[in-house]
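Coordinates in review
Chain by chain, the residues run as shown.
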Amino acid sequence: MKKVFVAGHNGMVGSAIVRQLQKQGDVELVLRSRKELDLLSQQDVADFFNTEKIDQVYLAAAKVGGIVGNNTYPAEFIYQNLMIQCNIIHSAHLANVQDLLFLGSSCIYPKLAEQPMAESALLTGTLEPTNEPYAVAKIAGIKLCESYNRQYGRNYRSVMPTNLYGPNDNFHPENSHVIPALLRRFHEAKLNNQAEVVAWGSGKPMREFLHVDDMAAASIYVMDLDQQTYADNTQEMLSHINVGTGVDCTIRELVETVAKVVGYKGEIVFDTTKPDGAPRKLMNVDRLKNLGWEYSINLEQGLANSYQWFLDNQDSFRK
């Protein structure tokens, strides 16, 4: 049995990784809530690793939020994410943990990165200002992993997901991301027999979305790759792997698919006075495909799964 620590197991990605690992017969999961283990405390994390004798780490813990959160609390976003990463990666190394997977974010890439964004775009331009502190912390996480690999021969790998959605997503009416926000809005419009639903912007920007269960499957796949295969498909100082579908859709297509999944029959109106954001954000997933992994859950299937989860858990979302 290998002892596997999933840091951030209550979050959307961490919980999906836990669900998949639970299906494996040779895994003993080690899980700690925020109350049980303060990942911001170097001493607490070091004591944990010294006590538990962990074999593998999935580092899915992070302070996350939308544009408002990133703009309002930039100091917390950079400090807490740096501390969590440094504490876990360094303590894992000191406790002789050989295998670790760090989960980052597509926001590590420059604001004007060529589309689709390849791993090689890292550190080639200026970041999006609204989430720069968070992005800098995630870039530091990649470089921490690479540095321990280079100096100590560790097997610390990094994966960078595109936009994720699915069970355990944040459906809060004010600070959720686009898919949970739309699912909730169309659900409430259907319940209230609203004649129309207003969506922001022109509907023309292109976005890529990956179901969190696919993200978890990809994470475990990358963790389990043999050393030679991983080395043959990455570079020592450019070792991270994009995880996505390699397929995008317009926001209009997304909105119409959400309406279909929810069963909303009214009119959809696009408010073109509202901002569109970047025209396109798509990940280049050639590296992952070459390693033998591709996504399996298409957008309509994934949205239906997310909507069902929302229906099953909506009592917990009420204000």
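Here the residue numbering is sequential within each chain, running from 1 through the sequence in written order. Residues qualify for local features only when their pLDDT is at least 70, as the model is predicted, and side-chain atom pairs are given and counted only at 80 or more; totals for whole chains, interfaces and linings, by contrast, use all residues. Each side-chain value is worked out from all heavy atoms of the structure, with water and hydrogens disregarded.

A look at helix α2 (residues 42-52)
- For α2, the full list of buried residues reads Val45, Ala46, Phe48, Phe49 and Glu52. For α2, the arc enclosing every buried residue in end-on projection is 160°, short of the 170-degree limit, so these residues lie on one face. Of the residues in α2, the exposed ones pointing more than 90 degrees away from the buried face are Gln43 and Thr51.
- Here, residues are in contact when the closest pair of their heavy atoms is within 4.5 Å. Secondary structure elements follow DSSP: runs of H or I no shorter than four residues count as helices, runs of E no shorter than two count as strands, and numbering proceeds from the N terminus. As for α2, its buried residues are in contact with β1 (2-7), β2 (27-30), β3 (56-59) and α4 (74-94).
- Two residues or fewer after α2 comes Lys53, characterised by a positive phi angle close to 55°. Classification of residues uses two cut-offs on accessible area relative to the type maximum, computed with a 1.4 Å probe and protein chains only: under 20% is buried, over 50% is exposed, and between them is partly exposed. Of all possible arcs, the one meant is that of the directions from the helix axis to the C-beta atoms.

A closer look at the sheet that holds β3
- Strands pair, by our definition, only if DSSP identifies at least two bridges between them. The strand order across the open sheet formed by six strands is β2-β1-β3-β4-β5-β10, and the pairing between neighbours is parallel. Bordering the open sheet on either side are β2 and β10 (241-243), each of which pairs with just one other strand. The average angle at which neighbouring strand axes cross in this sheet is 25°, direction not considered.
- Sitting on the sheet, helix α1 (residues 12-21) is in contact with β1, β2, β3 and β4 (99-103), with an inclination near 160° to β1.
- Angles run from 0 to 180 degrees between N-to-C directions of axes, and those axes are lines fitted to C-alpha atoms, restricted for helices to the stretch in contact. Where helix α5 (residues 132-152) meets the sheet, it contacts β4 and β5 (155-161), and its direction lies at approximately 155° from that of β5.

So, the pattern of salt bridges
- What counts as a salt bridge is simple: a side-chain nitrogen of Lys or Arg found within 4 Å of a carboxyl oxygen of Asp or Glu. With the rule as written, the count across this model stands at nine salt bridges.
- Put simply, Lys3, Arg32 and Glu52 are held in one network by salt bridges that share partners.

Here we look at the sheet that holds strand β11 (residues 249-250)
- Ordered in space as β11-β8-β13, the three strands form an open sheet in which the pairing is mixed. Across the chains shown, the open sheet's two edge strands, defined by having one partner strand only, are β11 and β13 (280-281).
- The sheet contact formed by strand β8 (residues 206-207) and β11 spans two bridges and is antiparallel. Along β11, the bridge assignment pairs Arg207 with Cys249.

Some thoughts on the side chain of Glu146
- Its location among the elements puts Glu146 in helix α5.
- A distance of 3.4 Å separates a polar side-chain atom of Glu146 from the backbone nitrogen of Leu238.
- Among the polar contacts made by the side chain of Glu146, one reaches the main-chain amide nitrogen of Ser239 at a distance of 2.9 Å.
- Those residues within four positions of Glu146 in sequence are excluded, and the remaining contacts are Glu236, Met237, Leu238, Ser239 and His240. As used in this structure description, the phrase polar contact means that two N or O atoms lie within 3.5 Å; if the pair is within protein, one of them must be able to donate a hydrogen and the other to accept it, and residues adjacent in sequence are counted only when both atoms belong to side chains.

Focus: the layout of surface pockets
- Estimated volume of the second largest pocket: approximately 200 Å³.
- In terms of lining residues, the second largest pocket is bounded by 15 residues, among which Asn149, Gln227, Tyr230, Thr234 and Glu236 are the most central.
- If you list the elements that add at least two residues to the lining of the second largest pocket, you get α5, β5 and α8 (227-233).
- Basically, the charged four are Asp, Glu, Lys and Arg, the nonpolar ten are Ala, Val, Leu, Ile, Met, Phe, Trp, Tyr, Cys and Pro, and anything else, Gly included, counts as polar. Of the residues that constitute the lining of the second largest pocket, the class distribution is three nonpolar, seven polar and five charged. Every definition here rests on a 1 Å grid over the protein atoms only: cavities are sets of points where a 1.4 Å probe fits but cannot get out, pockets are open sets enclosed by protein on both sides within 12 Å along at least five of seven lines, and lining residues have some atom within 4 Å of a point. Grid points are joined across faces, edges and corners, and a volume is the space filled by probe spheres set on the points.

Focus on the environment of Ala231
- Residue placement: Ala231 occurs in helix α8.
- A relative accessible area of 41% places Ala231 in the partly exposed class.
- Taking the C-alpha atoms as reference, Ala231 lies 29 Å from Ala46; in sequence the two are 185 residues apart.

Side note on the nonpolar core
- The definition of a nonpolar core used throughout is a set of buried Ala, Val, Leu, Ile, Met, Phe, Trp, Tyr and Cys residues joined through side-chain atoms within 4.5 Å. Phe5, Leu39, Phe49, Ile88 and Leu100 are the most contacted members of the largest nonpolar core, which totals 40 residues.
- Mapped by element, the contributors of at least two residues to this core are β1, α2, β3, α4, β4, α5 and β5.
- For this core, the element with the most residues is α5, which contributes seven residues.
- Beyond its immediate chain neighbours, meaning those up to four positions away, Leu39 contacts Phe5, Ala7, Val45, Ala61, Met83, Ile84, Asn87 and Ile88.

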